Amino acid sequence: MNILVTNDDGIAAPGMWALAEELQKIAEVFVVAPDREQSGVGTSVTLHQPLRVTPVRPAVPGIETYAVEGTPADSVIIALKMLLKDKIDLVIAGINEGSNLGNDVIISGTVGAAFQAYFYGLPAIAISIGAFHDLHFEAATRIGLLLAQQYADGKLPRRILLNVNLPNVPPDQLTGVEITQLGERSYTDAVKRGSVKAGHDGKRDYYWIVHGEPQWKEDKGTDIRAIMQKKISITPLHNDLTSQEQFESLEGLRSLLSKELGSGSLS
Ligand code: MN
């Protein structure tokens, strides 16, 4: 089995190398990742500038490794369509520093990379740990290995996208594993005027968009609640954002618009 490992924390991120090293036990591992941190870019793809790719020395010996001057999704596209054409069986993004829960999946570069692989019809897994300092990678690397092994044994469907989150605790403090729904975690995003030099860069004013405090909804069965309870959360995702609830309730709107526009061809 050949596994592509990528991330959004950049080519030097220790979580990605811990995962790559573990996966080497059962697979040939390839690393193609952004040359710098790209957290929060979601599924963004670079269309207006060329992408330079540099072969780099792997942090773990024996792994073919490339740094891409682009986003996580760019890295997946370049890997699957150019560098490692037809070689890859499974794509794993992570291990991300910081959880990707609830609404985070929309802007997460880690999940974005996994989505890109999923769009190409490959099974994809995103793995994140809920902390930014003193990370415990042991359980996360182990679950990456176990999921890859399950896939290799034919026990996971090919059409699968899993968003895995772990609390940042040593393995003996984990309380279980739960298959979850996306919860609701929203941030009050604040736009802050840069404080250095009174918000002026020497030429112009500038602004920082920063995350405010997350607002948690700890509904039962959600990824957020599982993490709060020190469980590993696994959420199956797909790319259909269609709201089935509103689909039927919009029939009235459709017929009104159709009448107002007065065209037979629209009804
Ligand atoms: Mn990240």
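Residues numbered from 1 in each chain as written. Predicted model: local features only at pLDDT ≥ 70, side-chain atom pairs only at ≥ 80, totals over all residues. Heavy atoms only, no water.

Peer 1: Whenever I open this one, the overall build of the chain confuses me. Can you help?
Peer 2: In terms of helices and strands, the chain carries eight helices and 13 strands. Taking the principal axes of its C-alpha atoms as reference, the chain extends roughly 65 × 55 × 40 Å. Among the 267 residues that make up the chain, the fraction classed as buried is 44%. Accessible surface, the chain: about 14,600 Å² in total, of which carbon and sulfur atoms supply 52%. (Helix = DSSP H or I, 4+ residues; strand = E, 2+ residues; numbered from the N terminus. Buried < 20%, exposed > 50% of the residue type's maximum accessible area, 1.4 Å probe, protein only. Areas by Shrake-Rupley, 256 points an atom, 1.4 Å probe, with all protein chains shown as cover.)

Peer 1: Looking at this structure, how should I read the pattern of salt bridges?
Peer 2: In a structure, side chains of opposite charge can pair up when their charged atoms sit close to one another. According to the stated counting rule, one finds four salt bridges in the structure shown. As a salt-bridge pair, Glu22 and Lys25 come within 3.1 Å of each other at their nearest N and O atoms. Using a relative accessible area of 60% as the deciding quantity, one classes Lys25 as exposed. In this structure, Arg254 and Glu251 form a salt bridge, with 3.2 Å as the shortest nitrogen-oxygen distance. Taken as a pair, Arg254 and Glu251 lie in helix H8 (residues 251–261) at a separation of three residues, close to a single helical turn. Here Arg254 falls in the partly exposed class, since its relative accessible area comes to 39%. (Salt bridge = Lys/Arg side-chain N within 4 Å of Asp/Glu carboxyl O.)

Peer 1: Looking at this structure, I do not really get the coordination of the manganese ion. What am I missing?
Peer 2: A metal bound by six donors in octahedral fashion has ideal angles of 90 or 180 degrees, whereas one bound by four tetrahedral donors has an ideal angle of 109.5 degrees. For the manganese ion, the protein coordination sphere consists of Asp8 (OD), Asp9 (OD), Ser39 (OG) and Asn96 (OD1), at 2.1 to 2.3 Å. Judged by relative accessible area, which is 36%, Ser39 ranks as partly exposed. With relative accessibility at 6%, the residue Asn96 sits in the buried group. (Donors = N, O, S within 2.8 Å, 3.2 Å for Na, K, Ca; no water.)

Peer 1: Any chance you could explain the environment of Ile88 here in plain terms?
Peer 2: Following the sequence through the fold, Ile88 ends up in the loop between helix H2 (72–83) and strand S5 (90–97). Distance in space between the C-alpha atoms of Ile88 and Gln215 is 38 Å, their sequence separation being 127 residues. Not counting residues within four places of it along the chain, the set of residues in contact with Ile88 comprises Asn2, Ile3, Leu4, Phe30, Leu80 and Leu122. (Contact = heavy atoms within 4.5 Å.)

Peer 1: It is not clear to me how the side chain of Thr65 should be interpreted in this structure. Could you clarify?
Peer 2: Within the secondary structure, Thr65 sits in strand S4 (residues 64–68). A distance of 2.9 Å separates a polar atom in the side chain of Thr65 from the backbone oxygen of Ile63. Here Thr65 is in contact with Ile11, Trp17, Val31, Thr54, Pro55, Val56 and Pro58, once residues within four sequence places are set aside. (Polar contact = N/O pair within 3.5 Å; in protein donor to acceptor, adjacent residues only side chain to side chain.)

Peer 1: Explanation requested: a nonpolar patch on the surface in the structure shown.
Peer 2: Residues Leu250, Leu253, Leu256, Leu257 and Leu261 make up a contiguous nonpolar surface patch of roughly 470 Å² in combined accessible area. Residue classification places Leu253 among the partly exposed residues on the basis of a relative accessible area of 43%. (Patch = residues over 30% accessible without salt bridge, like charges linked within 9 Å, V, L, I, M, F, W, Y side chains within 5 Å.)

Peer 1: I'm lost on helix H4 (residues 109–119) in this one. Help?
Peer 2: Structurally, the α-helix is built with 3.6 residues per turn, so residues lying three or four positions apart point the same way. Where burial is concerned, most of H4 is hidden: 10 out of the 11 residues are buried. Of the positions making up H4, those classed as buried are Gly109, Thr110, Val111, Gly112, Ala113, Ala114, Phe115, Gln116, Ala117 and Tyr118. Taken together, the buried residues of H4 touch strand S1 (2–6), H2, S5, helix H3 (104–107), strand S6 (124–129) and strand S7 (161–166). Put simply, Ser108 is the residue that caps the front of H4, since its side-chain oxygen is 3.1 Å from the backbone nitrogen of Thr110. Downstream of H4 by one or two residues, Gly121 has phi in the positive range, about 85°.

What is shown is where atoms sit, not what they do.
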